[in-house]
Amino acid sequence: MLSRIYRRNFCTCSPRPWLFIGLGNPGEKYKGTRHNVGFEMLDAFAESQGIQMETVHCKAMFGKGFINGVPVLLAKPLTYMNLSGESTGPLAAYYKLPLNRVVVFHDDMDLPCGVLRLHPKGGHHSHNGLKSVIYHFRANREFPRLRIGIGRPPGQMDPKAFMLQKFNSTARERIDAALLEGIHALKQVLSKGFSESSKCFNTEQKYKHIRLQTLPT
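Residues numbered from 1 in each chain as written. Predicted model: local features only at pLDDT ≥ 70, side-chain atom pairs only at ≥ 80, totals over all residues. Heavy atoms only, no water.

Looking at an unreviewed UniProt entry, one finds the chain named Peptidyl-trna hydrolase, mitochondrial, with Nicotiana attenuata as its source organism. Check the Sequence similarities (unreviewed entry) section of the UniProt entry for the chain; it says "Belongs to the PTH family." (UniProt positions renumbered as here; feature names shortened; annotations may be inferred.)

The next point concerns the nonpolar core. Grouped together as the largest cluster of nonpolar side chains are 37 residues, with contacts concentrated most on Phe20, Phe45, Leu74, Phe105 and Leu146. A per-element tally of this core places helix α6 (residues 169–192) first, with 9 residues. Those residues in contact with Phe45 that sit more than four places away from it in its chain are Phe20, Ile67, Val72, Leu74, Ile183, Leu186, Lys187 and Leu190. (Core = buried A, V, L, I, M, F, W, Y, C linked by side-chain atoms within 4.5 Å. Buried < 20%, exposed > 50% of the residue type's maximum accessible area, 1.4 Å probe, protein only. Helix = DSSP H or I, 4+ residues; strand = E, 2+ residues; numbered from the N terminus. Contact = heavy atoms within 4.5 Å.)

With 19 residues, helix α7 (residues 194–212) extends 25 Å from end C-alpha to end C-alpha; this agrees with the ideal 27 Å at 1.5 Å per step. Along α7, the residues classified as buried are Phe194, Ser197, Ser198, Phe201, Asn202, Gln205, Lys208, His209 and Leu212. Packing partners of the buried residues in α7 comprise β1 (18–22), β5 (102–108), β6 (116–119), β7 (145–149) and α6. (Expected span 1.5 Å × (residues − 1).)

On to the pattern of salt bridges. Counted under the stated rule, the structure contains 7 salt bridges. We note a salt bridge from Arg152 to Asp110, for which the minimum N-O separation is 2.5 Å. Here Arg152, found in the loop between β7 and α5 (159–163), pairs with Asp110, found in the loop between β5 and β6; they are 42 residues apart in sequence, far enough to count as distant. Classification of Arg152 by relative accessible area gives exposed; the value is 54%. (Salt bridge = Lys/Arg side-chain N within 4 Å of Asp/Glu carboxyl O.)

It is worth spelling out the layout of surface pockets at this point. Sizing a probe to match a water molecule and rolling it over the atoms shows the empty space that remains. Taken as a whole, the largest pocket spans an internal volume of roughly 570 Å³. Contributing elements (two or more residues each) for the lining of the largest pocket: β5, α4 (128–136), β7 and α5. Broken down by class, the residue content of the lining of the largest pocket amounts to 7 nonpolar, 12 polar and 8 charged. Put simply, the second largest pocket is a space of about 230 Å³. In this structure, the second largest pocket is lined by 16 residues; those nearest its centre are Cys113, Gly151, Arg152, Leu215 and Thr217. (1 Å grid on protein atoms, 1.4 Å probe; cavity = no way out; pocket = protein on both sides within 12 Å on 5 of 7 lines; lining within 4 Å. Points joined across faces, edges and corners; volume = space filled by probe spheres on them. Nonpolar A, V, L, I, M, F, W, Y, C, P; charged D, E, K, R; others polar.)

What follows is the structure in structure tokens.
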């Protein structure tokens, strides 16, 4: 009974809640790998804001709280990457959220390692986690994303093997710096909205992209 009352109050908050979802694979085997930077971003944000991720809800590790009066829901699907939508779809439905209040964090090989982008919508670009999310959003692609660059595999290396590798020391430093930038960007989203925040943030990241794209990792 109390849970239903709390959910009702949380869903009808003004402003409406944001749902932040980090994509990745659960378990120690995948911790620290390139494919798990969505999880890392979610964990870093939760820790920075003092939000505990201790509940399992809709097949996800889940936490919720308020940041400067704005209600925030945080989730890491436990379904493994390729089935991320099995958690993401039900979470958005449970809290009756429009998809423009759902931000998905994911790894992106099209960006240099450590470069971030905030996008209001888009396709899946062969990312299986995003494919699953889009499928469970009934083919709706108009949900925001925080893209986290991991760079491209060297030479003829299999992209799947590359994504499941851990970062070397240089790449790790870039990712750690990017996580701090991501925390700041997400706090801006909560205070100023997605559209205004993404313009300034993406301009800053564009110059970072130019600076890093030719450097080895």
